[in-house]
Amino acid sequence: MSIHGLILEVRVTGCRKLRDTEFFTRQDPYVVLEYATTKHRTRTCTDGGRNPTFDEKFHIPLIEGLRELNVVVWNSNTLTHDDFIGSGRVYLHKVLANGYDDSSWPLETRHRRSAGEVKLIMHVDVSAMRNKMGKSMAAPCTHSVHPPSMPAPAPAPAPTPALASAVPYTGVPPSYPPVSAYPAASAYPAYPTPSQPPYTTTEYPPPPQQTYPPPLAGYPPPSYPPQPYGEPYPPQPYGQPYPPQPYGQPYPPPTAAQSPYPPAPYPGTYPPRPY
């Protein structure tokens, strides 16, 4: 249901329990109605205090898609800016459905605290809205509807012309040369078969046979089979017998020429003599 062009009648009767912005005197409130880009202001209720009375009527043309208006209440000051008391939203669903609404709407501060309430009586002509909707539905259709056009039939395909190079049928099958069981000789000459390989290999003498690892020079060759037990192998230095002497029999001491230590400058005594 379209509401565009309808006139909404709003009557501001007064406010109750407004937030008081004055400390020593009574406040002077007034109400502002905002709808789209239009604003309607009531007169200032001098010394209205917290319960002012206005009883003013306004006519607002409605716009399709906008079904709410804002209400703002101010306190009028002479020397300074006006004080903000509170604001609220007024929804138009009830008045558009029933044609009449006399509800009270709450007001809030900028901090979402209660600032009182405002009393509005709204009225709209629902019969005019219904008549407008009925006329729009009963209006005849002026545009003409063209019948659907049938698609044009496709042209018949042109006959295929006879090939100029076609051979007429004579009833006698054409003669072809007989197929040989062996492949035909190639037109290119074959490569000659080489009488000897293209690459020649050189005979190298075999490497000399040698044992690995070679024996050490100056080392006496081992004697095989091994020596019987009790005979020295290999020969011991300094003429020492092998195996070693039994326990308790000392080896012959080496001579002074064979000793690895240098000779002492004088014979010493042990332990030393006391002073």
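See above for the structure.
Residues numbered from 1 in each chain as written. Predicted model: local features only at pLDDT ≥ 70, side-chain atom pairs only at ≥ 80, totals over all residues. Heavy atoms only, no water.

**Student:** How would you summarise the overall build of the protein if you had to cite specific residues and measurements?
**Tutor:** Helix and strand content of the protein: two helices and nine strands. Reading the protein from its N end, one meets helices and strands in the order β-β-β-β-β-β-α-β-β-β-α. Here the protein holds 275 residues, and the buried ones make up 20% of them. Relative to all contacts within the protein whose residues are 6 or more apart in sequence, the contacts with residues 24 or more apart total 57%. (Helix = DSSP H or I, 4+ residues; strand = E, 2+ residues; numbered from the N terminus. Buried < 20%, exposed > 50% of the residue type's maximum accessible area, 1.4 Å probe, protein only. Contact = heavy atoms within 4.5 Å.)

**Student:** Quick one: what's the story with the nonpolar core, residue by residue and with numbers?
**Tutor:** Leu8, Leu69 and Leu92 are the most contacted members of the largest nonpolar core, which totals 31 residues. Going through the elements one at a time, β1 (7-16), β2 (29-35), β4 (53-61), β5 (68-75), β6 (83-91), α1 (93-98), β8 (104-108) and β9 (114-124) are the ones with two or more residues in this core. Considering each element in turn, this core owes the most residues, five residues, to β9. Excluding residues within four positions of it along the chain, Leu69 makes contact with Leu8, Leu33, Glu34, Tyr35, Ile60, Gly88, Arg89, Val90 and Leu92. (Core = buried A, V, L, I, M, F, W, Y, C linked by side-chain atoms within 4.5 Å.)

**Student:** Which residues make up the pattern of salt bridges, and what are the values?
**Tutor:** Under the definition given, this model contains eight salt bridges. For Arg11, the salt bridge identified is with Asp55, shortest N-O distance 2.6 Å. Taken together, the positions of Arg11 in strand β1 and Asp55 in strand β4 put the pair 44 residues apart, joining distant regions of the chain. Judged by relative accessible area, which is 33%, Arg11 ranks as partly exposed. Salt-bridge contacts for Arg89 lead to Glu68; the nearest nitrogen and oxygen are separated by 3.8 Å. Pair noted here: Arg89 is in strand β6 and Glu68 is in strand β5, with a separation of 21 residues, a long-range link. For Glu68, a relative accessible area of 24% corresponds to the partly exposed category. (Salt bridge = Lys/Arg side-chain N within 4 Å of Asp/Glu carboxyl O.)

**Student:** Can you tell me about the pairing of β5, naming the residues and giving the values?
**Tutor:** Pairing analysis gives six bridges linking β2 to β5, with the strands arranged antiparallel. Directly across from Val31, in β5, lies its bridge partner Val73. (Pairing = 2+ DSSP bridges.)

**Student:** Please give an account of the packing of aromatic side chains that cites residues and values.
**Tutor:** The geometry of two aromatic rings is summed up by the distance between their centres and the angle between their planes. Taken as a whole, this structure holds one aromatic pair when the rule is applied. One cation-aromatic arrangement involves Arg41 over Tyr30; the distance from NZ or CZ to the ring centre is 3.7 Å. Positioned above the aromatic ring of Phe84 is the side chain of Arg110, whose terminal nitrogen or guanidinium carbon lies 4.2 Å from the ring centre. (Phe/Tyr/Trp six-rings, centres within 6.5 Å; stacked < 30°, edge-to-face > 60°. Lys NZ or Arg CZ within 6 Å of the ring centre and 35° of its normal.)

**Student:** Quick rundown of the environment of Asp28? Include the residues and the values.
**Tutor:** With respect to the element layout, Asp28 can be found in the loop between β1 and β2. The class of Asp28 is buried, set by a relative accessible area of 19%. Note: C-alpha distance between Asp28 and Thr44 (16 residues apart in sequence) is 6.3 Å. Setting aside chain neighbours within four positions, we find Asp28 in contact with Thr44, Cys45, Thr46, Asp47, Gly48, Trp74, Asn75 and Ser76. Polar side-chain contacts of Asp28 include one of 2.6 Å to the backbone nitrogen of Asp47. (Polar contact = N/O pair within 3.5 Å; in protein donor to acceptor, adjacent residues only side chain to side chain.)

Nothing here speaks to function; it is all geometry.
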